Amino acid sequence: MSDFVTVVEVGPRDGLQNEPQTLSTTLRVELIDRLALCGLPVIEAGSFVSPQWVPQMAGTDKVLAAIAARPGTRYPVLVPNLQGFELALAAGANEIALFAAASERFSQQNTNCSIAESISRLVPVAERAKAAGLRVRAYISCVLGCPYEGNIGAGAVTAVCEQLLQMGCDEISLGDTIGTGTPADASTLVRAVATIVPITQLAVHFHDTYGQALANILACLDAGIRTVDASVAGLGGCPYAKGASGNVATEDVAYMLDGLGLDTGIDLQALARTGDWISKQLQRPNNSKTGVALCHIND
Ligand code: HMG
Ligand code: MG
């Protein structure tokens, strides 16, 4: 099994979309460029969703136009529908990320439609993206729990995976949106999904609400996962779960992977400085334990 783990940095999208303060284009661009210089191979740069729903992500076209795109670094953007796809294409995106949910009620809250309707909305988007030569990533939310429905069975997740695979998605990221999952369940789910999706096309996406994210990632690595989503400084939160924290912090993931002897290509010191810098810009605490240890151990 490969000893390289691809860390997908989602802070500039999943992180910032859940921060109360909207960052300027200049700061969003600086964050992305700094993350690229830290060696992150994939940085989700923003989203083309309704600005009424997510004002923090308005102006992602300007962000894409201004970043110093590094050769070899991927910059996917999240799109919910054809309208978003056309905007992303016009802005020069070469990778998109789609999203669906494993829970009906969450699907209604997040996308204003049922799971089946959301899949039908995504089919033409994936078709257009593939025809235009774009890579397509897809997220499934609430794979280990839903704020409205509670437990979610593996069958609901695999059913959505099958449809995403059928529409040609290159990668599927399994999202523990509210961070309620625990390692045994995470590992069981990955093993179940891997019977229909090649493990090399799977990623995991943990939020750290219950402090389980690193343990869950470790369990998923044992199950063969080699792509992990994370957010610098643990940026973000979840609007659907009171008190929920953001994605697992990239610095913490990078530190653990290094300790496991797994390569990521990440410069951890530079990443820690970037996490500390963006936390200051947002006037929020740095939610990475590794980041705080590396930057403030002598304060
Ligand atoms: P809707 O209201 O059902 O859509 O929203 P609509 O088609 O009726 O359009 C309503 C208005 O939105 C119209 O404007 C459209 O033009 C506009 P109006 O005519 O009223 O002026 N609109 C758009 N504007 C810009 N870009 C677009 C777009 N689409 C419609 N793409 C929709 C449906 C899905 C668009 C809406 O619900 C939406 O944008 N939701 C955003 C949801 C979102 O971004 N959620 C966060 C991402 S998912 C996530 O974070 C989870 C993840 O991290 C994994 C995990 O942790 O689980 C990925
Ligand atoms: Mg998320």
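Refer to the structure above for everything that follows.
Residues numbered from 1 in each chain as written. Chains lettered and ligands numbered in written order. Predicted model: local features only at pLDDT ≥ 70, side-chain atom pairs only at ≥ 80, totals over all residues. Heavy atoms only, no water.

Caption draft 1: Structural view of the sheet that holds strand 3 (residues 46-47). Strand order in the open sheet made by the 9 strands is 2-1-9-8-7-6-5-4-3, with parallel pairing throughout. Taken across any chain shown, the strands that pair with only one partner, and hence form the sheet edges, are strand 2 (42-43) and strand 3. Direction of pairing for strand 6 (residues 135-141) relative to strand 7 (residues 171-176): parallel, over a ladder of 4 bridges. Looking at the pairing, Arg137 lines up with Glu171 of strand 7. (Pairing = 2+ DSSP bridges. Helix = DSSP H or I, 4+ residues; strand = E, 2+ residues; numbered from the N terminus.)

Caption draft 2: Summary view of the environment of Val228. Turning to its location among the elements, Val228 is positioned in strand 9 (residues 227-230). In this structure the C-alpha to C-alpha distance between Val228 and Phe206, which are 22 residues apart in sequence, comes to 8.5 Å. Apart from the residues lying within four places of it in its own chain, the contact partners of Val228 are Val5, Thr6, Val7, Val8, Val204, Ile217 and Val253. (Contact = heavy atoms within 4.5 Å.)

Caption draft 3: Structural context of the pairing of strand 9. Burial of the side chains of strand 9 extends over both faces: Thr227 and Asp229 are buried on one face and Val228 and Ala230 on the other. Judged from the 4 bridges that link them, strand 1 (residues 6-9) and strand 9 form a sheet pairing that is parallel. For Val8, the partnering residue across the bridge sits in strand 9 and is Asp229. Strand direction decides the pairing type here: strand 8 (residues 202-206) and strand 9, joined by 2 bridges, are parallel. Each residue of the ladder has a partner; that of His205, found in strand 9, is Asp229. (Buried < 20%, exposed > 50% of the residue type's maximum accessible area, 1.4 Å probe, protein only.)

Caption draft 4: Structural context of the packing of helix 4 (residues 82-90) against helix 6 (residues 115-131). Between helix 4 and helix 6, the least distance of the axes is 9 Å, while the angle of their chain directions is 20°. With respect to each other, helix 4 and helix 6 are oriented roughly parallel. The crossing of helix 4 and helix 6 is right-handed. Together, Leu82, Phe85, Glu86 and Leu89 of helix 4 and Pro124, Val125, Arg128 and Ala129 of helix 6 make up the contact between the two elements. Among the residues making up the contact of helix 4 with helix 6, the classes are represented as 6 nonpolar, no polar and 2 charged. (Axes fitted to C-alpha atoms, helices over the stretch in contact; angles between N-to-C directions. Parallel < 35°, antiparallel > 145°, perpendicular 65-115°, else oblique. Left-handed = near helix turned anticlockwise from the far one by under 90°. Nonpolar A, V, L, I, M, F, W, Y, C, P; charged D, E, K, R; others polar.)

Caption draft 5: Examining the nonpolar core more closely. Membership of the largest hydrophobic core comes to 86 residues, with the highest contact counts inside it found for Ile96, Leu98, Ile140, Val157 and Leu174. With sequence-adjacent residues up to four places away left out, Leu174 is seen in contact with Ile140, Val143, Val157, Cys161, Val190, Val193, Leu202, Ala203, Val204 and His205. Judged by nonpolar contacts, the second largest core, of 7 residues, contains Val8, Val42, Leu78 and Ala97. (Core = buried A, V, L, I, M, F, W, Y, C linked by side-chain atoms within 4.5 Å.)

Caption draft 6: Spatial organisation of the environment of Leu262. Following the sequence through the fold, Leu262 ends up in the loop between helix 10 (250-259) and helix 11 (268-282). Look at Leu262 and you get buried, because its relative accessible area is 13%. For the pair Leu262 and Arg226, spaced 36 residues apart in the sequence, the C-alpha separation amounts to 9.6 Å. Beyond its immediate stretch of four places on either side in the chain, Leu262 contacts Ser2, Asp3, Val5, Leu221, Arg226 and Leu257.

Caption draft 7: Representation of the pattern of salt bridges. Counting across every chain of the model gives 12 salt bridges. A salt bridge links Glu95 to Arg135, with the shortest nitrogen-to-oxygen separation between them at 3.1 Å. Of the two residues, Glu95 sits in strand 5 (residues 95-101) while Arg135 sits in strand 6, which places them 40 residues apart along the sequence. A relative accessible area of 1% places Glu95 in the buried class. (Salt bridge = Lys/Arg side-chain N within 4 Å of Asp/Glu carboxyl O.)

Caption draft 8: Highlighting the side chain of Thr60. Tracing the chain through its elements places Thr60 in helix 3 (residues 60-66). Residue Thr60 is classed as buried on the basis of its relative accessible area, which comes to 2%. Those residues within four positions of Thr60 in sequence are excluded, and the remaining contacts are Arg28, Ala45, Gly46, Ser47, Phe48 and Val77.

Caption draft 9: Broad picture of the side chain of Arg284. Along the polypeptide, Arg284 turns up in the loop between helix 11 and helix 12 (289-296). In this structure Arg284 comes out as buried when scored by relative accessible area, which is 15%. At 3.5 Å, the side chain of Arg284 forms a polar contact with the backbone oxygen of Gly234. (Polar contact = N/O pair within 3.5 Å; in protein donor to acceptor, adjacent residues only side chain to side chain.)

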